[in-house]
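Listed here are the chains, written in short residue letters.
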Amino acid sequence: DWTTSNVVEEQVALIREQVGDKRAICGLSGGVDSAVAAALVQRAIGDRLTCVYVDHGLMRKGETEQVEKDFVAATGVKLVVVDAEERFLTALKGVSDPEQKRKIIGREFIRVFEQAQADIIADEGPAVEFLVQGTLYPDVVESGGGTGTANIKSHHNVGGLPEDLEFQLVEPLRKLFKDEVRMVGQELGLPAEIVQRQPFPGPGLGIRIVGEVTKERLDLLRDADAIAREELTLAGLDAEIWQCPVVLLADVRSVGVQGDGRTYGHPIVLRPVSSEDAMTADWSRLPYEVLAKISTRITNEVKDVNRVVLDVTSKPPGTIEWE
Ligand code: XMP
């Protein structure tokens, strides 16, 4: 009989059996899968799990705090936060090419995560033998050959696997679909903001700035994105849309007028999409009043933004993200 409490009970027993009296590490990304996997393992082995969260400085407003405070409060998980913002920004300096950005972010992430692992092992000894992964059933099927999908962008998942793996994997979500993972997360008492979170790319806002990634641009985009998310939530549209990337066209300027003054600012793109699995998508027909509210607020409240545009492209031909 499939109930979430049965799944939790069964997985907790299996994890205990697998890990025995050893220790485990889990990378948290802020996403649903790693959070639920970590919460399950925490329930099974408590303090013998150490979670690692790499703050690459490319998260949206409030997301790092959500992991640091709310997730820890809800689960009691032992968490190591690595503040690597400066390192990532330095590595990204002068880089505009999307594939380059993805490679750099992926590379830096693995380096920082491996260093954190090494530090934990130095602290806790050789009993650290396990790495927790939030692999879902569809990931298992996909990597098993099945329906191969063309990988057009070099995807990487924060929390992803370092290449010279010496750990045994703990994958408590291997039999679950996304909606089941959310139910298990809820059963485990995780915050709704984490359990219901829409997809967000591992490279974060780094691939939502068209142009070079800088701290100022990230802050600006964070403000615009927070407004869009707030208004979409207020309008009750979260369940209806798959996700809504908010993109800063940092290399584009256009003329505007505000008060008596001419402005020469950047456009923000709204990219709300509906989708079943992100392989294909359609642009969401959002109510005009909601779009108007978001546009007015962003242009009034976000410095250097004087225009908001709506992306009305389906996927294909456009991808969901702009980079
Ligand atoms: P695209 O832009 O390829 O995106 O249509 C499809 C879905 O994947 C997400 N995405 C990523 N997720 N790491 C991730 O974990 C990545 O590097 C990455 N790039 C894109 C995107 O947000 C959408 O949901």
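Throughout this description, residue numbers start from 1 for each chain and increase along the sequence as written. This being a predicted model, a pLDDT of at least 70 is required before a residue's local features are given, and a value of 80 or more before pairs of side-chain atoms are given or counted; all residues contribute to the totals for chains, interfaces and linings.

For the chain, an unreviewed UniProt entry supplies the name GMP synthase [glutamine-hydrolyzing] and the organism Kitasatospora setae. Its UniProt record gives the chain a comment under Subunit (unreviewed entry), which states: "Homodimer." UniProt positions are given in the numbering used here, feature names are shortened, and annotations may be inferred rather than shown by experiment.

## Re the overall build of the chain
Assigned secondary structure in the chain consists of 10 helices and 12 strands. Relative to the 2.2 N^0.38 estimate, which gives 20 Å for 323 residues, the radius of gyration of the chain is 21 Å and therefore close to what a compact globule would have. Taken along the three principal axes of its C-alpha coordinates, the chain extends 70 × 45 × 40 Å. Counts of 20 or more other C-beta atoms within 10 Å of a residue's own C-beta define buried residues, counts of 12 or fewer define exposed ones, and intermediate counts define partly exposed ones; C-beta atoms are placed from the backbone. Per-residue burial over the chain gives 36% buried out of 323 residues. In the chain, the proportion of contacts linking residues at least 24 apart, taken out of those at least 6 apart, comes to 79%. Numbering of helices and strands starts at the N terminus; helices are DSSP runs of H or I of at least 4 residues and strands are runs of E of at least 2. Radius of gyration: C-alpha atoms only; globule rule: 2.2 Å multiplied by the number of residues to the exponent 0.38. Here the contact rule is simple: place C-beta atoms from the backbone, and any two residues whose C-beta atoms are within 7 Å are in contact.

## Digging into the packing of helix H1 (residues 4-19) against helix H2 (residues 32-45)
Their axes nearest at 8 Å, the elements H1 and H2 cross at an angle of 65 degrees. Taken together, the axes of H1 and H2 lie roughly perpendicular to each other. Judged by the sense of rotation from one axis to the other, the crossing of H1 with H2 is right-handed. Along the contact surface, H1 presents Val8, Gln11, Val12, Ile15, Arg16 and Val19, while H2 presents Leu40, Val41, Arg43, Ala44 and Ile45. For every element, the axis is a line fit to its C-alpha atoms; helices are fit only across the contacting stretch, and the angle between N-to-C directions ranges from 0 to 180 degrees. Convention used here: angles under 35 degrees read as roughly parallel, angles over 145 as roughly antiparallel, angles from 65 to 115 as roughly perpendicular, and any remaining angle as oblique. Each crossing is labelled by how the near helix is turned from the far one, with a counterclockwise turn of less than a right angle marking it left-handed and a clockwise turn marking it right-handed.

## Some thoughts on the domain arrangement of the chain
Structurally, the chain comprises domain 1 (4-195) and domain 2 (208-310). Each of domain 1 and domain 2 has a C-alpha centre, and these two points are 29 Å apart. Counting residues at the interface gives 11 residues for domain 1 and nine residues for domain 2. Under the grouping applied here, Gly and all other residues not named as nonpolar or charged are polar, the nonpolar ones being Ala, Val, Leu, Ile, Met, Phe, Trp, Tyr, Cys and Pro and the charged ones Asp, Glu, Lys and Arg. In the side of domain 1 that touches domain 2, the residues fall into four nonpolar, four polar and three charged. Note that the domain bounds were set by an automatic or database domain assignment.

## Looking at helix H5 (residues 98-124)
Between its first and last C-alpha, H5 extends 38 Å over 27 residues, near the 39 Å set by a 1.5 Å rise per residue. Among the residues making up H5, those that are buried are Lys101, Arg102, Ile105, Phe109, Phe113, Ala116 and Gln117. Where H5 is buried, its residues contact strand S1 (23-28), strand S2 (49-55), strand S3 (78-83) and helix H4 (85-92). For a helix, the expected span equals 1.5 Å multiplied by the residue count minus one.

## Some words on the sheet that holds strand S4 (residues 128-132)
Paired strands, in this sense, are two strands between which DSSP finds at least two bridges. Strand order in the open sheet formed by five strands is S3-S2-S1-S4-S5, with parallel pairing between adjacent strands. The open sheet has two edge strands with one neighbour each: S3 and strand S5 (168-170). Ignoring which end each strand starts from, the neighbouring axes of this sheet average 30 degrees apart. Across three bridges, S4 lies against S5 in parallel orientation. Within the sheet, the bridge partner assigned to Phe130 lies in S5 and is Gln168.

## Topic: helix H10 (residues 288-301)
For H10, with 14 residues, the first-to-last C-alpha span of 20 Å sits near the 20 Å given by 1.5 Å per residue. Against helix H9 (215-234), strand S9 (261-270) and strand S12 (305-310) lie the buried residues of H10.

## Notes on unusual backbone geometry
Going from Lys315 to Pro316, the amide bond is cis rather than trans, its omega being -15 degrees. If you trace the backbone, Pro316 turns up in the segment after S12. Cis peptide bonds are those with omega within 30 degrees of zero, and the linkage from Pro316 to Pro317 qualifies with 5 degrees. Relative to the helices and strands, Pro317 is located in the segment after S12. Of note, the phi angle at Ala278 is positive, near 70 degrees, even though the residue is not glycine. Along the chain, Ala278 turns up in the loop between strand S10 (273-274) and strand S11 (282-283). For Asp304, which is not glycine, the phi dihedral falls at a positive 75 degrees. Assignment of secondary structure puts Asp304 in the loop between H10 and S12.

## Overview of the confidence of the model for the chain
Within a predicted model, pLDDT stands for the predictor's per-residue confidence, ranging from 0 to 100. When pLDDT is averaged along the chain, the result is 93, and 93% of the positions lie at 70 or above. By mean pLDDT, helix H6 (residues 137-143) is the weakest element of the chain at 86, and strand S7 (residues 246-249) is the strongest at 99. Here residues 158-162 is a poorly scored stretch, pLDDT under 50, and it has 12 contacts once near neighbours within four places are set aside; other chains count.

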